[in-house]
Amino acid sequence: MKVSVFITCLSDAIYPRVGEAMARILARQGVRLEFPKVQTCCGQPAYNSGYWDDARKTARTILSAFQDSDFVVSPSGSCTYMIHHYEELFKDEPELQRQARELQAKTYEFTQFLVQVLGVTDLGAHFPHKVTYHPSCHGSRLLGIKEEPMQLLRGVEGLQLVPLPFADDCCGFGGTFAVKMADISGAMVTEKADHIKETEAEVLVGLDMACLMNIAGNLRRRGEPVRVMHLAELLEEGVKVG
Amino acid sequence: MSVRTEQKGTNAPASTTAESLDRAAGRQITDFLAGDDIAAGTGTGVAEHGRSGEKVRKASAHPRPSAQPDTVRERAGLALNDEFLRKAVKFTTERLRNGKLEASESHGNWDIWREQGRQIRLHTIAHLDYYLNLFADNARLNGVHVHFAATAEEAVSLSLAIAESVGARTVVKSKSMVTEELHLNHALESIDVEAIETDLGEYIIQLAGETPSHIIIPAIHKNRYQIAELLSADAGETLSPDTTILAGYVRRKLREKFLEADIGMTGCNFAIAETGSMVLFENEGNARMVTTVPKTQITLMGMERIIPSWEDLEVMATLLPRSATGQRLTVYMSGISGPRRESDADGPEEMHIIILDNGRSNQLGDPEFQELLNCIRCGACLNACPVYRHIGGHAYGGTYSGPIGAVLTPALKSNVAEWDDIASASSLCGACYEACPVKIPLHDMLVSLRRRKVEAGRGNPLETIGMKGFSTVAGNAKLMGVALKMGRIGQRLIARKGVISTRIGPLKGWNTYRVTPTLAEQPFRERWATLEEELSAGLREMNPAMKRRMEEKARESREAAQRKGDGGH
Ligand code: SF4
């Protein structure tokens, strides 16, 4: 079985530690990850802004990168969902469209892969902290990732999960939205961070580095000490420490 | 075809209506009056709202929205700096969406009904010409004058001609977004006909000389202190900011207006093709008064309001109130099939229905936007929207606001290029789609709007160049590696303690609210070789059950892709 990691630009360039945590967790389950080096970006920034020709250009690199993989695993629900748009993007190119369908069917977000494919919910992690969870919109609403992270968090010993008020509300990232409509996006992320503060959690955990970068950036700007982590990092740290 | 006996008035004579109105006013109106704010209820209210006091005009002045800035960014800026508006909008949208969640959960089979609702709307819109004709034929058999208006101007002229033909001096109106779309009050005033809004929220908005900022709760952006101030100016005496007192004042005032009015004007929630009937949902009882007291009734409806049968109404009557306000049913639901018959206790002698196109038929046959016509105007997408929550409705710049307005306004006008800045005011979070009782994929439509603008060559020039650059670099792993290296060198100039916090240059907008993380010293693609070596050295044997499970999943995924491909051809 060939399992490939789709690292996504953010985790590649800014948060390689997330990819590393993911690789270590999977290796402990006996999964040997591959990293096809031709991969780049899923094309979402261009797609969402309406530049579909540009999106197709980068989408092609993803299609070719994972052609002979049996599974593709990604630390982002949003980038995973972007692959679901490929079928439509390549509707005039039957061969690429066929590849797009295959890729969509075999691509999983990290927690989906652990729970749905490997059937694992308890990694033997120990993380004695107060944690709150932000469900990112694309992962939870569009891919339907709701239970998987909960199961994994419940499997962590010592972890105290506190509910985040208005958890389902978008953090205001939205890609170019955060730049184009900076003040609206700023109001949204400020409110999200306010709610996180209300929980008095030490750690905010999530499944998408784009949203987490947005929220962490606001918390840090305001001097809030909340630690922001991808669930893969939390699990890996819990196993190492625990 | 037999015409049902849901004739107006037969089971709701005027006297009962008035009593029910009183009851409803106490219980329901105050629930959904406006964006109330308990936190502001600590005595600061009225005095601090002098600004809105200056805006008070007579009910006869209902200007078009003109003073608004041109761009959504500027309009949003106004809203974001208006603490009262933001508090009011948050307060009421929260109540509405929580109500909707409870009502849909308590229903038990919400998703099944939602899918049924969607199917009814899809079917009707796919055969809209047939059902429209059926509706018109049946309504005419019932004695209704049915008119078709291709444009807003035609609908306005038809309305004015009817008003002139009956020598009308005053019109009482129940809530209608279509008449807002037509700026009909303004037009009526131009021929000296006074138009009086009788929905409480609309009445307030009319007094303020504003337009509705929500399709269900027109005055959602005002709190009760602001409303008390407006109504006090109207009454010529100080009314206390108690919602029951305020509603009571308006009720007394409107009762006179109902009795003098020459025309009752309504919108239409659903039009039933099989009997040519129209159905109104409301909480205040004012629509009953509007459709029973005046001698002439004019109903304005968008051409997509049709559903085939009364049976379909059962589904809609379940979806609409629960989605709109979290009510299981609205206080009043009136089915009206024509003018007053001999046996009726009340009702108009003359009834007109004006069916409006105004850009709707442009969506027919458009695979990306046809589903817009499925909308039942429940407002759930506004209440769920995190952008609407912060900027309210006026920032959208059109008659319809929120996610549905952001798509509907440019779609109806077919001028995507001019309007699409509003399509950019969304994070594409999908909350609208999740909330929508008929599952309209508004988040996808917003992307389609953006794409059409780009395809028309009307994209922002800087963004166009940026995207070209992005796709060139991100379309090639080697170039991306080089770009990352350059970025790492470049960032040394501006990074401090692992973050970039400057608010100058392109990072200004982002960094006003955040700091930016720096690029990692070693990106994943460079780190991989050593990591892979280390991991494969210590790799564990996978347990056989897991291995079988994986193989099974891999097979399933191949088959799923295959099936999808077969189905697609
Ligand atoms: S788009 Fe859906 S949620 Fe929004 S108003 Fe229309 S029916 Fe309601």
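Residues numbered from 1 in each chain as written. Chains lettered and ligands numbered in written order. Predicted model: local features only at pLDDT ≥ 70, side-chain atom pairs only at ≥ 80, totals over all residues. Heavy atoms only, no water.

A. Spotlight on the packing of aromatic side chains. Residues and elements named next belong to chain A. Evaluated as defined, the whole model comprises 13 aromatic pairs over all chains. Summarising the aromatic geometry, the rings of F71 and F113 are spaced 5.6 Å apart at their centres and angled 70° between planes, so their arrangement reads as edge-to-face. Separated by 42 residues along the polypeptide, F71 in strand β3 (residues 71-74) and F113 in helix α8 (residues 110-118) bring together distant segments of the chain. Note on F113: relative accessible area 0%, which makes it buried. (Phe/Tyr/Trp six-rings, centres within 6.5 Å; stacked < 30°, edge-to-face > 60°. Helix = DSSP H or I, 4+ residues; strand = E, 2+ residues; numbered from the N terminus. Buried < 20%, exposed > 50% of the residue type's maximum accessible area, 1.4 Å probe, protein only.)

B. Structural detail: the interface of chain A and chain B. Listed as interface residues are 90 residues of chain A and, on the opposing side, 86 residues of chain B. Summed over the shared surface of chain A and chain B, the number is twelve salt bridges. In this structure, K180 of chain A and E463 of chain B form a salt bridge, with 2.8 Å as the shortest nitrogen-oxygen distance. By residue number, the principal contributor to the side of chain A that touches chain B is helix α12 (residues 182-199) of chain A, which donates ten residues. Its residues placed into classes, the side of chain A that touches chain B shows 43 nonpolar, 25 polar and 22 charged. (Contact = heavy atoms within 4.5 Å. Salt bridge = Lys/Arg side-chain N within 4 Å of Asp/Glu carboxyl O. Nonpolar A, V, L, I, M, F, W, Y, C, P; charged D, E, K, R; others polar.)

C. Region of interest: unusual backbone geometry. Residue E200 of chain A is not a glycine yet carries a positive backbone phi of 60°. Residue class for E200 of chain A comes out exposed when judged on its relative accessible area of 61%.

D. Representation of the nonpolar core in the model. Y86 and I184 of chain A are the most contacted members of the largest nonpolar core, which totals 117 residues. Among the elements that take part in this core, helix α14 (residues 310-324) of chain B stands out by supplying eight residues, more than any other. Beyond its immediate chain neighbours, meaning those up to four positions away, Y86 of chain A contacts C42, A59, I62, L63, A100 and L103 of chain A. Grouped together as the second largest cluster of nonpolar side chains are 52 residues, L142, V205 and M229 of chain A together with A554 of chain B included. (Core = buried A, V, L, I, M, F, W, Y, C linked by side-chain atoms within 4.5 Å.)

E. Focus on the site of the ligand. Close contacts around the ligand come from 14 residues, with C375, C378, G379, C381 and C436 of chain B the closest. Split into classes, the residues belonging to the shell around the ligand amount to twelve nonpolar, one polar and one charged. (Near = heavy atom within 4 Å.)

F. Region of the structure containing the confidence of the model for chain B. Residues and elements named next belong to chain B. Confidence in the prediction for chain B averages 87 pLDDT; 87% of positions are at 70 or higher. Contacts of residues 1-32 to residues separated by more than four positions or lying in other chains number 73 contacts, the stretch itself having pLDDT below 50. pLDDT under 50 marks residues 34-65. Its contacts with residues more than four places away, or in other chains, come to 69 contacts. Predicted complex metrics record ipTM = 0.96 and pTM = 0.90. (pLDDT = per-residue confidence, 0-100.)

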